[in-house]
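# Fold and geometry: a report
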Amino acid sequence: MVSRKVRTPIGDWWWTVDRPVLAAIFGLMLGGIILSLAASPPVAARLNLDPFHFVNRHIIFLIPTIAVLLLTSFLSPRGVRRVALVIFLISLCLVAVTPFFGAEIKGAKRWLVIAGVNVQPSEFLKPAFVILIAWLFAESTRKPEMPANTVALGLLLLVTALLVIQPDFGQTMLITLVWGALFFMAGMRLIWVVGLGGVAALGLVGAYFTVPHVTQRIQRFMDRGSGDTFNIDLAMESFARGGWLGRGPGEGTVKRLLPESHTDFVFAVGAEEFGIVLCLALLALFAFIVIRTLRHAVNSGDPFVRFASAGLAMLFGIQSAINMAVNLHLMPAKGMTLPFVSYGGSSMISLAFGMGMLLALTRERPRAVFLSSPGMGLSGSPV
C-alpha cells in the first residue's frame, strides 16, 4: 500500500497522477493484446512465420512502452520541456536523413534501421513538437512582443517540409491540425484562421495533382470503381459480418485476406470477432482520455500546462479518430496506427512518451509549485 503519510517519490506520484486516465491507457494496451491475438496469426502465416510471431513481439514492445510511460509521468513541467527539446532535436535530425538512408516501403522512406531495429523517427517527433509549440505559445501569451509565434510557425514549416519529402502526408496533416488548434487557443485572430485554412487547402490540392499515391487514395475514396479498394472493402465487410456482438474470438474470416489486419485495420478485425460493442468500448476509452485531459487543461492556471496537455490530448484523439475513420471508410486511407492497439514498436513507445508527458503535466500540483519554482520562464512556469 502507498500511504499518504509517508512522503516518497512513488507515493507522491501515486496520489497526484490521474489514475483513471492511467487505467484507461492500460485498458487500451490490454485490448491491443487481445486484438493482436485475433488479427496477427494470419499475417504471420502469409509471411511463413511462427503464428504468434507478431503477438510475442507486441507483448515484448509493451515492456519498454510501459517503462517509458511510467518514467516520463514522474517528470516535472520543467523536465517535460527539457526532455521534449532533446527528443525533438534528435528526431528532427533522424527525419532529415531518412529520405537518404531509409528503406523505401510503398513508395515512401519513413523508416531507419538503428542497431538492427526499425525506427520511425516521425513518431517521436510529434509529441516533442507539440510540447515545444505549447511552450512558445505560452510565452507569447505572457509577453506578446516576443517573436514566439513566428518561431512556432517556422518550426511548423520546417517539420512539415521534412515530412512531405518522405512523403508522409498523414503525419503532416496531424501535426498541422494540432498546431492550428493550439494557435487558436493562444488567441489567433480570425484572419489567421482563414489564411492558414486556405494554405492547408492549397497544399492538399497541390498534393492531389502532384503526388500519384495521394491522387489514387482520394480517387478511390470518392469513387470505389476508380481503383483497387480491396482493403477498405474487406474492412467494411468485417463490420457487416460482426454485427453487434461479433462472430466470436478466432471466428473471423476477413482477417485471413486483409493484408494489414494487425496494424492499420485491427479495428475492423475487432469488429468482426467481437462486434460493434467492442468498437464502442474502445471509442469510449479514447474519448474518456481526451475529454478528461481537456478538462484538466481548461482548469489549469499555467499557460504552458494548458497548451501542452490540450495539444497532447488532441494529438492522441485525432490519430485515433483518423484510424477508426479509415476503417469505416469515412476518409481516405492514411496508414496511421490505432494508439496502443495496433502492432508497431515505434508507434507504441512514442505514444507512451506522449501520454507519459500528459500524465506528468496533469498531476495535481499546488499553484504555489508553479509560482515559486526556480528557473521561472516568462509564462510563470519553470524552464
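Residues numbered from 1 in each chain as written. Predicted model: local features only at pLDDT ≥ 70, side-chain atom pairs only at ≥ 80, totals over all residues. Heavy atoms only, no water.

We now examine unusual backbone geometry. Across the junction of Q166 and P167, the peptide omega takes the value -10°, indicating a cis bond. Inspection of the secondary structure assignment puts P167 in the loop between α6 (148–165) and α7 (169–185). Here the phi dihedral of N48 falls at roughly 60°; this positive angle occurs in a residue that is not glycine. (Helix = DSSP H or I, 4+ residues; strand = E, 2+ residues; numbered from the N terminus.)

Let us now look at the packing of helix α4 (residues 77–101) against helix α5 (residues 121–142). Here α4 crosses α5 at 135°, and the two axes come no closer than 8 Å. With respect to α5, the axis of α4 lies oblique. When the axes of α4 and α5 are compared, the crossing they make is left-handed. Across the interface between the two elements, V80, R81, A84, L85, I87, F88, S91, L92, L94, V95 and T98 of α4 pack against P121, S122, F124, L125, A128, F129, I131, L132 and W135 of α5. When its residues are assigned to classes, the contact of α4 with α5 shows 16 nonpolar, 3 polar and 1 charged. (Axes fitted to C-alpha atoms, helices over the stretch in contact; angles between N-to-C directions. Parallel < 35°, antiparallel > 145°, perpendicular 65-115°, else oblique. Left-handed = near helix turned anticlockwise from the far one by under 90°. Contact = heavy atoms within 4.5 Å. Nonpolar A, V, L, I, M, F, W, Y, C, P; charged D, E, K, R; others polar.)

Here the focus is α5. What sets the pattern is the α-helix's 3.6 residues per turn: residues three or four places apart point alike. Helix length check: α5 (22 residues) gives 32 Å between terminal C-alpha atoms against 32 Å at 1.5 Å per residue, within 8%. For α5, the tally of buried residues reaches 19 of 22 residues, placing the bulk of the element in the interior. (Expected span 1.5 Å × (residues − 1). Buried < 20%, exposed > 50% of the residue type's maximum accessible area, 1.4 Å probe, protein only.)

Next up on the list: the environment of R81. Tracing the backbone shows R81 in helix α4. Between the C-alpha atom of R81 and that of A308, which follows or precedes it by 227 residues, the distance is 9.7 Å.

In this section: the pairing of strand β2 (residues 108–114). As defined by bridge partners, strand β1 (residues 103–105) adjoins β2 across 3 bridges and the pair is classed as antiparallel. Note on β2: the bridge partner recorded for E104 is K109. Pairing of β2 with strand β3 (residues 117–119), which is carried by 3 bridges, proceeds in the antiparallel orientation. Across the sheet, residue V113 finds its bridge partner in β3, namely N118. (Pairing = 2+ DSSP bridges.)

Attention shifts here to helix α11 (residues 266–299). Helix length check: α11, at 34 residues, gives a terminal C-alpha distance of 35 Å against a target of 50 Å (1.5 Å per residue), a shortfall beyond 12%. Approximately 130° is the largest bend angle found in α11, and it occurs at F274. (Bend = angle between axes of the 7 residues up to and from the residue.)

Before going further, it helps to examine the pattern of salt bridges. Here the structure, examined in full by the defined rule, presents 6 salt bridges. One salt bridge connects E123 with K126, and the closest N-O pair in it is separated by 3.1 Å. Here K126 and E123 lie together in helix α5, a separation of 3 residues that amounts to about one turn. For R247, the salt bridge identified is with E272, shortest N-O distance 3.9 Å. In this pair, R247 sits in the loop between α10 (230–242) and α11 while E272 sits in helix α11, placing the two residues 25 residues apart along the sequence. Classification of R247 by relative accessible area gives partly exposed; the value is 40%. (Salt bridge = Lys/Arg side-chain N within 4 Å of Asp/Glu carboxyl O.)

The quantities given are spatial measurements derived from coordinates; they are silent on function.
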